[in-house]
Structures are given as structure tokens and as C-alpha cells.
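A closer look at the structure
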Amino acid sequence: MSAQIIDGKAFAAKVRGQVAEHVTRIKEENGITPGLAVVLVGEDPASQVYVRSKGKQTVEAGMNSYEHKLDADTSQDDLLKLIADLNADKDVHGILVQLPLPKHLNEDLVINSIAPEKDVDGFHISNVGLLGTGQKSMVPCTPLGCLMMLRDYHGSLSGMNAVVIGRSNIVGKPMAQLLLGDSCTVTIAHSRTKDLPAVVRGADIVVAAVGRPEMVPGDWIKPGATVIDVGINRIDKPEGGTRLVGDVDYASCAEVAGAVTPVPGGVGPMTIACLLANTVTACCRIHGLVEPEGLTA
Ligand code: NAD
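Residues numbered from 1 in each chain as written. Predicted model: local features only at pLDDT ≥ 70, side-chain atom pairs only at ≥ 80, totals over all residues. Heavy atoms only, no water.

**Here we look at the site of the ligand**
Taken together, 22 residues sit near the ligand, with Arg167, Ser168, Arg212, Val230 and Thr271 positioned nearest. Within the backbone of Ser191, one N or O atom sits 3.2 Å away from an oxygen atom of the ligand. In this structure, Thr271 approaches the ligand through a side-chain N or O atom, which is 2.7 Å from an oxygen atom. Protein contact buries 71% of the 860 Å² of open area that the ligand shows by itself. It is helix α10 (residues 267-287) that contributes the most residues to the shell around the ligand, three residues altogether. When its residues are assigned to classes, the shell around the ligand shows 10 nonpolar, 10 polar and two charged. (Near = heavy atom within 4 Å. Polar contact = N/O pair within 3.5 Å; in protein donor to acceptor, adjacent residues only side chain to side chain. Areas by Shrake-Rupley, 256 points an atom, 1.4 Å probe, with all protein chains shown as cover. Helix = DSSP H or I, 4+ residues; strand = E, 2+ residues; numbered from the N terminus. Nonpolar A, V, L, I, M, F, W, Y, C, P; charged D, E, K, R; others polar.)

Laid out in C-alpha cells, this is it:
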């Protein structure tokens, strides 16, 4: 194995430490405690785990955590009413609606009802537009975490060829915008891309956000390239039980790449750390305070 492992777990701990320092400063100097409200509709087991973990880490960073658990059959009007209340609540600086929502709820409508300045997931159409036009916005947590790791590893990304595999609104598209903002030459590949291996072989930076276990083998990777694996896939182990793997075949990619993120312990921990960072950023912007450096794009 030749690649350096980009340790997302350790990096996330560092980001959480920076967040906690800023929270302490804001409390001491301004008497304000940043607050994050997380709304969970229904009983999806994975979502419950995520929400629990977000709440725990929010409190550990010294912030207030407000959890709103609603029944799976909650009406759209009731959910919109809760979001309107949270938009108006002065103690709440960040609002996150855990996705996916039950089928009867209109996700776009719900997300776009969040006050853009409190939209710590960065999914509101205003934040998408601001990011796309290179303006100050709330940046989606997963791509923000990937960008932080890339900047930390490379310093400048200027002029590098980046290939993002996946064009989702929550990972692929904002990731491409962020890399463009850092002056990469960006290609977005997706399920209809022709000759994906050749496209990936041209990349200095590969970000895989597909949702297909170990889809990207080492022989697609340019020697020395940096590989960021966003995928989280649970697969069966031959001996029974399951394990988590990414979208990248870690063993073969690590033979060729210059650096690679593992799964678990890569992008995943950075996502929640960036949610906390976004909450502090939102709090500072709402109150006109100096924003922490290095915690946003
Ligand atoms: P998505 O299903 O919304 O999008 C997947 C994208 O992959 C689509 O744009 C599609 O065009 C593309 N795609 C599908 N098959 C392809 C193929 N054969 N070749 C090339 N492209 C193909 O998924 P998403 O929400 O963007 O998530 C992607 C992965 O990242 C999932 O495994 C998800 O669990 C994971 N994820 C991880 C985190 C984290 O914190 N680590 C956060 C969000 C998503």
C-alpha cells in the first residue's frame, strides 16, 4: 500500500475542538449560546441513529440541541408550522430536517420553508444559488467536509483536474461547485457518463459519491491522485454479518493513489463536524459577530 490515509476521524475531532472554542468565546463575549434544532419525522432507524449522534455532538461542543421528533403521519401543515416556529425562535440558529421524509411530505417545499440563514444543511434554494454564484452561503456539510480535507492535504487546489462521480443535490453538485470555487477543472460524472474509467483516469482528485459498493477500482485511478470516498454502503460479509464499505475499492485504490479516505472513518465523521461548524457560522452571521476562520468554504 502506498497511499497516505486521510484520517477523517482525527480531522473531525480537530474541527469539533475549533467549534467548541468558538462556542466558548461567543458565550463569554456575547452571552449567546448557539442552538441547533433537528427535526425527525417518522421512525427510520438510520435517521434515528444520525439524529442521536448529531444531538450528542452538538451538546459536547457546548451548544444547545433541540430535538423535535414527529410521528410518521405528521401532516405537511404541521411540519411547516413547526419550521415557522423554529425560524422565529431566537435561541435557534440552525435548523436541520432529517432526510428522507415520509413519502406524503414534499421535501423541496419543506426545505425551502427553512429560513436560509438557519439552513445549516445548505439545501435551501437560496443557498444553492449563492454557492453556485460564488457568494457567501451555508454550504452542504458533506461536500464541505471533503473540501476541508482536500485543502488540508494539498494546500491549494488551483488548476487540479477533479472528477466528481455522482450528481446529487446534496453531494455531487455542491462538491463540484466548491471545487470550481477553488479553481479546479471540474468534471461531473454520473450514471450516463461514457467511458467512466477513462474520465476518472484523468483526475488528480476523485470524489466518489455514488452509493455503489466498491465501484471504483484501483486501475481507474491515476498514480498519485487523491481519492475522497463519500459512499457508505453496508454489504454482507462471507462469514456472516455485515460491514461498511465505500464507493471505492479501498485495497486496490490505496496501491495507486497518493492519498485516500477510508470508510468508515473518512468523510462520515467530517459531515457531522461540519454541521456543528455551520451552526456556529449561522449564529455569527445572524448576530453580526466575527465568523470563525477555516470553518466554512
Ligand atoms: P444519490 O443516489 O442521490 O446519487 C447518486 C449519484 O450517483 C447519481 O447522481 C447517479 O447519477 C450516480 N450514479 C449512479 N450509478 C452510477 C454509475 N454506475 N456510474 C456513475 N455514476 C452513477 O446519492 P447521494 O445522496 O449523493 O449519496 C451517494 C453516496 O454517498 C451514498 O452511498 C450515500 O450513502 C453516501 N453519503 C455519505 C455521506 C457521508 O456523510 N459520508 C453523506 C451523504 C451521502
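**Thoughts on the environment of Ala88**
Positionally, Ala88 belongs in helix α3 (residues 76-88). In the structure, Ala88 is positioned 47 residues away from Val41 in sequence and 20 Å away in space, judged by C-alpha atoms.

**Side note on the nonpolar core**
By size, the foremost hydrophobic cluster in this structure holds 55 residues, and its most contacted members are Val15, Val19, Leu157, Leu179, Ile205, Val207 and Met270. Broken down by element, this core gets its largest block of residues, 11 residues, from α10. Split by domain, the residues of this core number at least three in each of domain 1 (31-115) and domain 2 (141-269). Ala189, Ile221, Ala225 and Ala257 belong to the second largest nonpolar core, which has 19 residues in total. (Core = buried A, V, L, I, M, F, W, Y, C linked by side-chain atoms within 4.5 Å. Buried < 20%, exposed > 50% of the residue type's maximum accessible area, 1.4 Å probe, protein only. Domains from an automatic or database assignment.)

**Some points on the packing of aromatic side chains**
Applying the stated criterion across every chain yields a total of zero aromatic pairs. Over the ring of Phe11 we find Lys14, and its NZ or CZ is 5.2 Å from the ring centre. (Phe/Tyr/Trp six-rings, centres within 6.5 Å; stacked < 30°, edge-to-face > 60°. Lys NZ or Arg CZ within 6 Å of the ring centre and 35° of its normal.)

**Topic: the side chain of Thr281**
Topologically, Thr281 is positioned in helix α10. The class of Thr281 is buried, set by a relative accessible area of 1%. If sequence neighbours within four positions are ignored, Thr281 has contacts with Glu291, Pro292, Leu295 and Thr296. (Contact = heavy atoms within 4.5 Å.)

**Some thoughts on the sheet that holds strand β7 (residues 205-208)**
Ordered in space as β1-β11-β8-β7-β5-β6, the six strands form an open sheet in which the pairing is parallel. One side of each edge strand has no neighbouring strand; the edge strands of this open sheet are β1 (4-5) and β6 (185-189). Note that β1 and strand β11 (residues 259-260) share two bridges and pair parallel. By the bridge assignment, Gln4 is partnered in β11 with Ala259. Packed onto the sheet, helix α7 (residues 172-181) meets β5 (161-165), β6 and β7 and runs at close to 170° relative to β5. (Pairing = 2+ DSSP bridges. Axes fitted to C-alpha atoms, helices over the stretch in contact; angles between N-to-C directions.)

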